[in-house]
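# Residue-level structure breakdown
Below are the chains, spelled out letter by letter.
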Amino acid sequence: MKKLLILCVVLVGPMLPVWGQDDQAAIKALLYNETVGFFKRDKAKWADCWAHTPYISFAANLYGGDFTLIKGWDNMEKQFRSQFKSGRPADNVTVKNSNYTIHQNGNMAFVWYDQTLLDSHGKTDSKESRVVEKIGGKWKIIHVTALTNLSTLASQAAK
């Protein structure tokens, strides 16, 4: 029995860090796809990135200096419905996420990262955090905090 246990540790042990890397790559792809889906007005892509549960939340500062907090998938979908039904064409947005810090503990992970958006309005920088949960084998977003550098946006608007 000891020999079998040692054999398992020797064979499987080196693979454990790779599994974590696969999760990290999946989490990074999830965060990228959620942002791209939102800005391209692809509701199916955006919605697939979220857990459709009453315990999700979204917090962000807004362009007018206000802030928002949305709780629950039904409220989230309702709040953003008009964004996806808009008749105006989607802006061509380039999304660049960098400087990730990912702390994974089982089926949950906490992520901090920097985000830069480039579009027809210029460059927008933000500090982003996400809490993601593995549900049915897929990572899903359950919490967002988006802190946009509004002073940069104000100076671009003044130009």
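Since this is a predicted model, take the numbers as computed values, not measurements. (Residues numbered from 1 in each chain as written. Predicted model: local features only at pLDDT ≥ 70, side-chain atom pairs only at ≥ 80, totals over all residues. Heavy atoms only, no water.)

## Some words on the overall build of the chain
A count of helical and extended segments in the chain gives five helices and six strands. Expressed as a percentage of the 159 residues in the chain, the buried residues total 35%. Considering only contacts within the chain whose residues lie at least 6 apart along the sequence, 48% involve residues at least 24 apart. About 9,900 Å² of surface is accessible on the chain, with carbon and sulfur atoms providing 59% of the total. (Helix = DSSP H or I, 4+ residues; strand = E, 2+ residues; numbered from the N terminus. Buried < 20%, exposed > 50% of the residue type's maximum accessible area, 1.4 Å probe, protein only. Contact = heavy atoms within 4.5 Å. Areas by Shrake-Rupley, 256 points an atom, 1.4 Å probe, with all protein chains shown as cover.)

## Focus: the environment of G72
Residue position: G72 is located in the loop between β2 (67-71) and α4 (73-85). On the basis of relative accessible area, G72 is assigned to the buried category, the value being 7%. Taking the C-alpha atoms as reference points, G72 and I142, separated by 70 residues in sequence, lie 9.1 Å from one another. Among residues more than four places away in sequence, those in contact with G72 are T53, P54 and I56.

## A few points about unusual backbone geometry
Non-glycine residue R41 carries a positive phi angle of around 60°. Relative to the assigned elements, R41 resides in the loop between α2 (16-39) and α3 (43-48). For N99, which is not a glycine, the phi torsion comes out positive at approximately 55°. Its place among the elements puts N99 in strand β3 (residues 94-105).

## Quick word on the confidence of the model for the chain
Predicted confidence across the chain gives a mean pLDDT of 84, with 78% of residues reaching 70 or more. For the chain, helix α1 (residues 2-12) is the element with the lowest average pLDDT, namely 45, and β3 is the one with the highest, namely 97. For residues 4-19, every residue scores under 50 in pLDDT, and the model assigns this stretch three contacts once sequence neighbours within four places are set aside. (pLDDT = per-residue confidence, 0-100.)

## A few points about the pattern of salt bridges
Tallied over the entire structure, the rule returns seven salt bridges. For D48, the salt bridge goes to K140, with nearest N and O atoms at 3.1 Å. Residue D48 is located in helix α3, and its partner K140 is located in strand β6 (residues 138-148); the two are separated by 92 residues in the primary sequence. The buried category is assigned to K140, whose relative accessible area is 11%. Within the structure, one salt-bridge network assembled from shared partners comprises D48, K138 and K140. (Salt bridge = Lys/Arg side-chain N within 4 Å of Asp/Glu carboxyl O.)

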